[in-house]
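Spelled out, the chains give:
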Amino acid sequence: MELSGKRIVLGVTGGIAAYKAAELVRLLGKAGAEVQVAMTEAATHFVTPVTYQALSGKPVFTDQWDARMPNAMAHIDLSRAADCIVVAPASADFLARVAHGLADDLLTTMVLARDCPLLVAPAMNRQMWENPATQRNATRLREDGVTLLGPACGEQACGETGAGRMLEPEEILEEVIAFFTPKLLAGRRVLMTAGPTFETIDAVRGITNLSSGRMGYALARAARRAGAAVTLVSGPVGLPLPQGVEGVAVTSARDMHAAVMARAGAADIFIGVAAVADYRVANAAGHKLKKDTGGVPPLELVENPDILAEVAALAKPPFCVGFAAESQNLEEYAQKKRHKKKIPLIAGNLIQEGFGGEDNRLVLFDDAGVHPLTPGPKAVLARQLVEHIAKLTGRN
Ligand code: PMT
């Protein structure tokens, strides 16, 4: 689990988004974190402490003079025990108080007394967020090393639309995980492909394959968490784009080829995870082929460009990583592909294990030899592959 062993103090301040903090407590706990909730008095008007207590399994603190702390030092004890403090929602008033170093309740006192990172997820009406005073406070907080998560733009509880919405709990979780991930690819630009391609036969039919996109999307997320700027060129899949990743949606191998070649020159690392169709239909019909026109329609196939091989052949190629899905002889076939495409690293997997599911078994092949990874969730394998790439590119 990504947050195993992490102790997080979740501060909740007064705002309607306090109800979403309940889900955040659950998600942080599911990701392995130990969560201690501390609320401002205003927050208790929106959600009672009992809700967070039930979800975190710990008593919630709201009062600096809480008798449960025998030394009357709740602000010190709670913040010293934490790996980070996350405040979500963070109201305009809370941001102002922290920006000015005030310590007039438990949460602000704890924040002032902390020796761990502070992440805040602002949530307020758009006018309050845009107010020069709030903007000044936000700038001051950034200068002080506080990480601001959002806010997002969108519909607000007050009925207005604009910037000031708190990030969704899943988005805050992703940012917290990214915050704790070592930045092995900091400053690197990673270009990737994922998913299947779809090669048109006629107006409603096509040739495709069973790639779900899961391996590639997990790798995009892992690279972004490791600090890379990630662009993901994806064939048609039913997955949400990982947070913070630039997405380019394509359909056919030729679309994917064009999208990749337009960006490859600016990339430091290229990773081809996509199951690209080797062939397309040369005589694709613009209309639906009719069955009763006599005989089986002849499909003439022509070869698609090999995207990975072309990127690797550029005058100044990025560090290229390929994937190979084989039904047998994994090492022999994967190594053959690596040498043919002239790439330094290829990740081999068996088609019965790699395609579709949540788990996979990867074996890495590079100049140093063969590196089998422990089979497991694609997210975990993706993290290990990122570590291997960082090592080969001199960043680990
Ligand atoms: O999406 P999932 O369901 O999670 O499944 C993941 C996966 C099994 C699709 C993935 O792990 C994987 O193995 N992808 C590569 C599939 C494959 O066998 O590719 P290939 O042998 O056809 O190609 C070898 C390499 O060249 C791949 O990096 C491929 O992206 C690239 N290639 C291939 C053909 C082509 N025209 N252009 C390419 O860039």
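Residues numbered from 1 in each chain as written. Predicted model: local features only at pLDDT ≥ 70, side-chain atom pairs only at ≥ 80, totals over all residues. Heavy atoms only, no water.

### Quick look at the side chain of K378
- Among the structural elements, K378 can be located in helix α14 (residues 378-392).
- Here K378 is in contact with R214, M215, A218, G354, F355, G356, G357, E358, D359 and N360, once residues within four sequence places are set aside. (Helix = DSSP H or I, 4+ residues; strand = E, 2+ residues; numbered from the N terminus. Contact = heavy atoms within 4.5 Å.)

### Brief notes about the packing of aromatic side chains
- Under the criterion given, the structure shown has one aromatic pair.
- Ring centres of F179 and F180 lie 5.6 Å apart, and the angle between their planes is 85°; this geometry places the pair in the edge-to-face category.
- Its relative accessible area of 32% is what places F179 among the partly exposed residues.
- Under the relative-accessibility criterion, F180 is labelled partly exposed at 22%.
- Here K6 stacks its cationic end above the ring of F180, 5.0 Å away from the centre of that ring. (Phe/Tyr/Trp six-rings, centres within 6.5 Å; stacked < 30°, edge-to-face > 60°. Buried < 20%, exposed > 50% of the residue type's maximum accessible area, 1.4 Å probe, protein only. Lys NZ or Arg CZ within 6 Å of the ring centre and 35° of its normal.)

### Observations concerning the domain arrangement of the chain
- Parsing the chain into structural domains produces domain 1 (7-180) and domain 2 (189-392).
- Overall, the association of domain 1 and domain 2 removes approximately 500 Å² of surface from exposure, summing both partners, and the carbon and sulfur fraction of that is 37%.
- By the criterion of area lost to domain 2, the three top residues of domain 1 are E174, E175 and A178, representing 76% of everything that side buries.
- Residue R225 is joined to E174 by a salt bridge in which the shortest nitrogen-to-oxygen separation is 2.7 Å.
- Counting across the domain 1 and domain 2 interface gives four residue pairs in polar contact (both at pLDDT 80 or more).
- Residue composition of the side of domain 1 that touches domain 2, by class: two nonpolar, no polar and four charged. (Domains from an automatic or database assignment. Buried area = accessible area lost by both parts, 1.4 Å probe. Salt bridge = Lys/Arg side-chain N within 4 Å of Asp/Glu carboxyl O. Polar contact = N/O pair within 3.5 Å; in protein donor to acceptor, adjacent residues only side chain to side chain. Nonpolar A, V, L, I, M, F, W, Y, C, P; charged D, E, K, R; others polar.)

### Let's talk about the pattern of salt bridges
- Inspection of the entire model under this criterion finds 21 salt bridges.
- Residue R97 pairs with D105 through a salt bridge whose shortest N-O separation is 3.1 Å. Comparing R97 with D105, the two get one shared label, buried.
- R361 is the salt-bridge partner of E353, the closest N and O atoms lying 3.1 Å from each other.
- You can call R361 partly exposed: its relative accessible area is 39%.
- Where salt bridges share partners, they join D93, R97, D104 and D105 into one cluster.

### Concerning the packing of helix α4 (residues 92-99) against helix α7 (residues 132-143)
- In the contact formed by α4 and α7, the axes pass within 9 Å of each other and the chain directions differ by 50°. Relative to α7, α4 is oriented oblique. Judged by the sense of rotation from one axis to the other, the crossing of α4 with α7 is left-handed. Contacts from A92, L95, A96, V98 and A99 in α4 reach T134, N137, R140 and L141 in α7. (Axes fitted to C-alpha atoms, helices over the stretch in contact; angles between N-to-C directions. Parallel < 35°, antiparallel > 145°, perpendicular 65-115°, else oblique. Left-handed = near helix turned anticlockwise from the far one by under 90°.)

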